[in-house]
Amino acid sequence: MNTAKDIDMDVAIHLSKLLVHKGVAKHVIEIVGQYATTVEFNSRSNTGTERWDLTWSGENYEARKAPLQLATAALIDHGYRILPSP
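Below, the structure is looked at part by part. The model shown is predicted, which means the values in this text are computed figures rather than measured ones.

**Digging into the nonpolar core**
Right, on to step 1. Ranked by internal contacts, the top residues of the largest apolar core, which has 21 residues, are I13, V28 and W56.
Right, on to step 2. Among the elements of the structure, β1 (10–13), β2 (17–21), α2 (25–32), β4 (49–55) and α3 (61–77) are those that each provide at least two residues to this core.
Right, on to step 3. With five residues, α2 is the single largest residue contributor to this core.

**Concerning α3**
Right, on to step 1. Given a rise of 1.5 Å per residue, 17 residues ought to cover 24 Å, and the 24 Å separating the end C-alpha atoms of α3 matches this to within 8%.
Right, on to step 2. Of the residues making up α3, those classed as buried are P67, L68, A71, T72, A74 and L75.
Right, on to step 3. Where α3 is buried, its residues touch β1, α2 and β5 (81–83).
Right, on to step 4. Where α3 begins, the side chain of N60 points an oxygen toward the backbone nitrogen of E62, at a separation of 3.2 Å.
Right, on to step 5. Looking at the residues trailing α3, positive phi occurs at G79, about 95 degrees.

**Some words on the pairing of β2**
Right, on to step 1. Across the two faces of β2 the burial differs, with L18 and V20 buried and K17, L19 and H21 not buried at all.
Right, on to step 2. As consecutive antiparallel partners, β1 and β2 are separated by three residues.
Right, on to step 3. Relative to β4, β2 runs antiparallel, the two being bridged by five bridges. Considered in β4, the bridge of H21 is made with T49.

**Examining the pattern of salt bridges**
Right, on to step 1. Per the counting criterion, the structure on display carries two salt bridges.
Right, on to step 2. Taking the shortest distance from any N to any O, the salt bridge between R81 and D10 comes out at 2.8 Å. Taken together, the residues span a long stretch of sequence, with R81 in strand β5 and D10 in strand β1 at a distance of 71 residues.
Right, on to step 3. On the basis of relative accessibility, which here comes to 35%, the residue R81 falls in the partly exposed class.
Right, on to step 4. A salt bridge links K65 to E62; its shortest N-O distance comes to 3.5 Å. Linking K65 with E62, this pair stays in helix α3, spanning three residues, or about one helical turn.
Right, on to step 5. On the basis of relative accessibility, which here comes to 23%, the residue K65 falls in the partly exposed class.
Right, on to step 6. On the basis of relative accessibility, which here comes to 52%, the residue E62 falls in the exposed class.

What counts as what
Residues numbered from 1 in each chain as written. Predicted model: local features only at pLDDT ≥ 70, side-chain atom pairs only at ≥ 80, totals over all residues. Heavy atoms only, no water. Core = buried A, V, L, I, M, F, W, Y, C linked by side-chain atoms within 4.5 Å. Buried < 20%, exposed > 50% of the residue type's maximum accessible area, 1.4 Å probe, protein only. Helix = DSSP H or I, 4+ residues; strand = E, 2+ residues; numbered from the N terminus. Expected span 1.5 Å × (residues − 1). Contact = heavy atoms within 4.5 Å. Polar contact = N/O pair within 3.5 Å; in protein donor to acceptor, adjacent residues only side chain to side chain. Pairing = 2+ DSSP bridges. Salt bridge = Lys/Arg side-chain N within 4 Å of Asp/Glu carboxyl O.

So this is what it looks like as structure tokens:
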């Protein structure tokens, strides 16, 4: 069974959005912000989570995947678990 701490470390990230637990949102945004062009809070969040809209540099889908992959790897290095797309 997952504990609250385990769930806090779950991050759903995609090319256009990020869903993260409120308790770790600041840390996650600091990490993702190093790679994303913009990270903007989206007020349509679920209880206990925050949703963020993301944009990445690059002219096409393939080019935008590279910074997303770097951000995802950095999150994993910090102990976060990456969930399927939000």
